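Structural characterization, general
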Amino acid sequence: MAELTVQTVSRTGVTPTHQALSASDTFANDGATVLLIKNGHSVDCTVTAVITRTIDGVTPAGKAITVPATTGEKLFGPFPTQDYGSTVTITTSHQTSMTAAVFKLS
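Just so it is clear, the model here is predicted, and its values are computed rather than measured. Sequence order as written defines the numbering, with residues in each chain counted from 1. Given that this is a predicted model, residues contribute local features only at a pLDDT of at least 70 and side-chain atom pairs are listed and counted only at 80 or more, while totals for whole chains, interfaces and linings are drawn from all residues. Hydrogens and waters are ignored; side-chain quantities use all the structure's heavy atoms.

What follows concerns the overall build of the protein. By the criteria applied, helices consist of DSSP H or I runs no shorter than four residues and strands consist of E runs no shorter than two, each listed in order from the N terminus. A tally of helices and strands in the protein yields one helix and 10 strands. Counting helices and strands in the order they occur from the N terminus, the protein gives β-β-β-β-β-β-β-β-α-β-β. Using C-alpha atoms as the atom set, the radius of gyration is obtained and then compared with a globule rule of 2.2 Å times the number of residues to the power 0.38. At 14 Å, the protein has a C-alpha radius of gyration in line with the 13 Å of a compact globule built from 106 residues. Overall, the C-alpha framework of the protein stretches about 40 × 35 × 20 Å when taken along its three principal axes. Looking at the protein as a whole, 33% of its 106 residues qualify as buried. Relative to all contacts within the protein whose residues are 6 or more apart in sequence, the contacts with residues 24 or more apart total 74%. Accessible area of the protein: about 5,800 Å², with a carbon and sulfur share of 53%. Two residue types count as positive, namely Lys and Arg, and two as negative, namely Asp and Glu; His and chain ends fall outside the count. Think of each charge as sitting on NZ of Lys, CZ of Arg, CG of Asp or CD of Glu. Taken together, the 6 basic and 7 acidic charged side chains of the protein have centroids lying 8 Å from each other. Think of it in three bands: with a 1.4 Å probe and only protein chains considered, a residue is buried below 20% of the maximum accessible area for its type, exposed above 50%, and partly exposed in between. Any two residues having at least one pair of non-hydrogen atoms within 4.5 Å are treated as being in contact. For accessible areas, the Shrake-Rupley method is used with a probe of radius 1.4 Å. Any residue's cover is judged against the shown protein chains and nothing else.

Laid out in structure tokens, this is it:
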């Protein structure tokens, strides 16, 4: 598990820095944080954001998206803190050629 660095988007812009994904990664979350995922692998990848709250003692399944193979790219989020917490955990169905960049507005 690795902690992904959150990059701040300001009016001067930001050049995204992508980090390799592992089976499970985390990043700081302020409720308006978003994740940009790139898939350079030859198969689709499922990325799941883990929900941390419970409803009547049951933890709902995480929110999952599919990032298309080869040149697929998806923006994922935001992640409300009441559902995902101040630290979001994501899991991926595979890690080969998977990268992500995390952003928040300044």
